[in-house]
Amino acid sequence: MTGREENPTGDGELLLVGVGFMGRPYVAAAKRLGLRVRAVEAHDWAHMIEHLVDEVVPSQGKYGALDELWAETVHAAVEARRPTGIFGFTESHVLGAALAQDRAGLPGPSFQAAVISRNKALQRGRFRTHGIGQPEFLLTDDVAAPAAAEWAGTRLPVVLKPLSSAGSDGVELAPDAAAFAAAAARRASERPILVEQAVEGPEYSWEALVRDGEVWFANVTAKTTTGAPHFVELEHRAAAPLPPADAERVAALGRAVLDAIGMRTGIVHLEFRLTSEGPAVMEVAVRTPGDYIMELCSLTYGIDWFEMVVRLAVGAELPAPPEGPVRHAASLFVVSDPGEVVALDGLDEVRAHPAVVDAAFRVSVGDTVGRTSSSLQRTAYAVLAADSAEELEEAIAFTRRTLSIKTVPAATEE
Ligand SMILES: Nc1ncnc2c1ncn2[C@@H]1O[C@H](COP(=O)(O)OP(=O)(O)O)[C@@H](O)[C@H]1O
Ligand SMILES: [Mg+2]
């Protein structure tokens, strides 16, 4: 049943855990492959995807949280009817999907890869044993204790972060001892917490389509962020050009991480910095990368990455891997000064640009924009693709200067 048929036929079914907006291309790909799509979806999202799929199974789970409730619904759905493949769309779905894949003997990242993906402290422990480059770290259930200050004191600057969040939420740089003491006091009740030495170097991610532990195809994305203290992501460029020695180091890092987490089949998103001592892993996840990176990969290589992931999930054949990039693609995000949004301009002009594939504001006039501390506060985005790197950079610059989100400091909010 789980063999690799040449063409999955109409009697095959994909159980897709989580669709939302960003998961819709998985539905389209599955339909193209002739698969029935049953979706496990959050209660408050279910009505928005009903018309897209063959069946919706509502879950009490929430995006980014309540993994256990997602898992309960997935398990019940598989007990009711065994699908051809199961795929967990994002972070909070990975555990439930992996439990079900394991039990039903269906392809997936593996139960341990999913558990490790969901917990940054498990990643740190695992990578240390496997000799994988990463920052020094302290896992503590008492960040306000003198021992934590002592550890951090000899390693400043350090980064504090929760074990299971995303979008830089709760990630914070403490540049000196006073900043660490303040952060530790503020976050004293957060148990456990990870403290890491802050490492320096440009940031990248590595997206790999993996079958039975072997890389079928991988891409390297260059990333820019707002930098310290909160590192909110601003730009991603797929098919990042790396000197051959670095490219080989990254490929070796990817293989070592797959081995360390026991990765079997699916998509892997690995984030790292290239430091003067080699790559240092930030985190790994066995789920769909965010920030339109899947779209960038599809545009860059001329294959639908969503379809490849569906093929992996149902055990279908893969085509020959792409030979290399055919275009240049990037996503960009705008952060704005905190305050009330009073004007939004330039979107039509941006959308009319030939390199702009998609662009939108994420706020409306009258909204209040908070201080940017996570991806959620970003106020606009664009996805771009061009035939040359130069044209892409020109389009990025054009988009940045044309998209305008005017805010004024919010009135009397002392
Ligand atoms: N130890 C570190 N050294 C330097 N920068 C870090 C470190 N840890 C996190 N960062 C920065 O914070 C960002 C978010 O951290 P990450 O661990 O990836 O959490 P999230 O799950 O929120 O994305 C990273 O992309 C990086 O820019
Ligand atoms: Mg990250």
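Residues numbered from 1 in each chain as written. Chains lettered and ligands numbered in written order. Predicted model: local features only at pLDDT ≥ 70, side-chain atom pairs only at ≥ 80, totals over all residues. Heavy atoms only, no water.

## Re the packing of helix H3 (residues 67-80) against helix H4 (residues 91-104)
Working step 1: Closest axis-to-axis distance for the H3/H4 pair is 8 Å, and the angle between their directions is 35°. Between H3 and H4 lies a crossing whose hand is right-handed. Counted together, Asp67, Trp70, Ala71, Val74, His75, Val78 and Glu79 of H3 and Glu91, Ser92, His93, Leu95, Gly96, Leu99, Ala100, Arg103 and Ala104 of H4 form the full contact between these two elements.
Working step 2: Classifying every residue of the contact of H3 with H4 by side-chain character gives 8 nonpolar, 4 polar and 4 charged. (Axes fitted to C-alpha atoms, helices over the stretch in contact; angles between N-to-C directions. Helix = DSSP H or I, 4+ residues; strand = E, 2+ residues; numbered from the N terminus. Left-handed = near helix turned anticlockwise from the far one by under 90°. Contact = heavy atoms within 4.5 Å. Nonpolar A, V, L, I, M, F, W, Y, C, P; charged D, E, K, R; others polar.)

## Some details on the coordination of the magnesium ion (ligand 2)
Working step 1: Every protein donor of the magnesium ion (ligand 2) is accounted for by Glu271 (OE) and Glu283 (OE), and the metal-donor separations fall at 1.9 to 2.1 Å. With a gap of 12 residues between them, glutamate 271 in strand S12 (residues 266-275) and glutamate 283 in strand S13 (residues 278-285) connect regions that are remote in the sequence. (Donors = N, O, S within 2.8 Å, 3.2 Å for Na, K, Ca; no water.)

## Description of the domain arrangement of the chain
Working step 1: The assigned domain composition of the chain is domain 1 (13-106), domain 2 (136-197), domain 3 (203-326) and domain 4 (329-408).
Working step 2: Taking only C-alpha atoms into account, the centre of domain 2 sits 28 Å from that of domain 3.
Working step 3: Facing the 5 residues of domain 2 at the interface are 6 residues of domain 3.
Working step 4: A combined buried area of about 530 Å² lies between domain 2 and domain 3, and 52% of that area is made up of carbon and sulfur atoms.
Working step 5: Contact with domain 3 buries surface across domain 2, with Ser168, Val171 and Leu173 losing the most and accounting together for 62% of the total.
Working step 6: Taken together, the links from domain 2 to domain 3 amount to 3 residue pairs in polar contact (both at pLDDT 80 or more).
Working step 7: Here the residues of the side of domain 2 that touches domain 3 are counted per class, giving 2 nonpolar, 1 polar and 2 charged. (Domains from an automatic or database assignment. Buried area = accessible area lost by both parts, 1.4 Å probe. Polar contact = N/O pair within 3.5 Å; in protein donor to acceptor, adjacent residues only side chain to side chain.)

## Digging into the pattern of salt bridges
Working step 1: A complete count under the given rule lists 32 salt bridges for this structure.
Working step 2: Residue glutamate 196 is joined to lysine 161 by a salt bridge in which the shortest nitrogen-to-oxygen separation is 3.1 Å. Residue glutamate 196 is found in strand S8 (residues 193-197), and its partner lysine 161 is found in strand S6 (residues 158-161); the two are separated by 35 residues along the sequence.
Working step 3: For glutamate 196, a relative accessible area of 3% corresponds to the buried category.
Working step 4: A residue is classified by how much of its surface remains accessible, and lysine 161, at 6% relative accessible area, is buried.
Working step 5: Glutamate 235 serves as the salt-bridge partner of arginine 400, at 2.8 Å between the closest nitrogen and oxygen. Taken together, the residues arginine 400 in helix H13 (residues 389-402) and glutamate 235 in strand S11 (residues 233-237) connect sequence positions 165 residues apart. (Salt bridge = Lys/Arg side-chain N within 4 Å of Asp/Glu carboxyl O. Buried < 20%, exposed > 50% of the residue type's maximum accessible area, 1.4 Å probe, protein only.)

## A look at the packing of aromatic side chains
Working step 1: Applying the stated criterion to the full structure yields 13 aromatic pairs.
Working step 2: Note on tyrosine 26 and phenylalanine 89: the rings are 6.3 Å apart at their centroids and 70° apart in plane angle, and the pair reads as edge-to-face. Taken together, the residues tyrosine 26 in helix H1 (residues 24-32) and phenylalanine 89 in the loop between strand S4 (85-88) and H4 connect sequence positions 63 residues apart.
Working step 3: Tyrosine 26 gets classed as buried once you look at its relative accessible area, which sits at 0%.
Working step 4: Taking relative accessible area as the criterion, phenylalanine 89 reaches 7% and is therefore assigned buried.
Working step 5: Between phenylalanine 217 and tryptophan 305, the ring centres sit 6.0 Å apart and the planes meet at 70°, which makes this aromatic pair edge-to-face. Of this pair, phenylalanine 217 sits in strand S10 (residues 214-225) while tryptophan 305 sits in helix H11 (residues 305-314), and the two are 88 residues apart along the sequence. Accessibility classification places phenylalanine 217 together with tryptophan 305 in one group, the buried group. (Phe/Tyr/Trp six-rings, centres within 6.5 Å; stacked < 30°, edge-to-face > 60°.)

## Quick word on the nonpolar core
Working step 1: Among the nonpolar cores identified, the biggest contains 34 residues, and Leu14, Leu16, Tyr26, Phe87, Leu209, Trp305 and Val310 are the most heavily contacted of them.
Working step 2: With 8 residues, H11 is the single largest residue contributor to this core.
Working step 3: Two domains each provide a minimum of three residues to this core, namely domain 1 (13-106) and domain 3 (203-326).
Working step 4: Those residues in contact with tyrosine 26, other than ones at most four positions away along the chain, are Leu16, Phe87, Phe89, Thr288, Met294, Phe306, Val309 and Val310.
Working step 5: Ranked by size, the runner-up nonpolar core spans 28 residues in total, among them Ala98, Trp206, Leu253 and Ala260. (Core = buried A, V, L, I, M, F, W, Y, C linked by side-chain atoms within 4.5 Å.)

## Description of unusual backbone geometry
Working step 1: Note that the residue after leucine 156, namely proline 157, is joined by a cis bond; omega there is -5°.
Working step 2: Take proline 157: it is sitting in the loop between helix H7 (146-153) and S6.
Working step 3: Note the cis peptide between alanine 228 and proline 229, where omega equals 0°.
Working step 4: As for its position among the elements, proline 229 is in the loop between S10 and S11.
Working step 5: One non-glycine residue with positive phi stands out, namely serine 110, at about 105°.
Working step 6: Summarising the element assignment, serine 110 is placed in the loop between H4 and helix H5 (111-117).

## A closer look at the pairing of strand S9 (residues 203-211)
Regular strands place side chains that alternate from one sheet face to the opposite one.
Working step 1: Among the 9 residues of S9, 8 are classified as buried, and the element is accordingly described as predominantly covered.
Working step 2: Judged from the 9 bridges that link them, S9 and S10 form a sheet pairing that is antiparallel. When the sheet's bridge partners are listed, alanine 208 is paired in S10 with alanine 218.
Working step 3: Where S9 folds back onto S10 in an antiparallel hairpin, the turn is made up of 2 residues, including aspartate 212, whose phi is positive at roughly 50°. (Pairing = 2+ DSSP bridges.)

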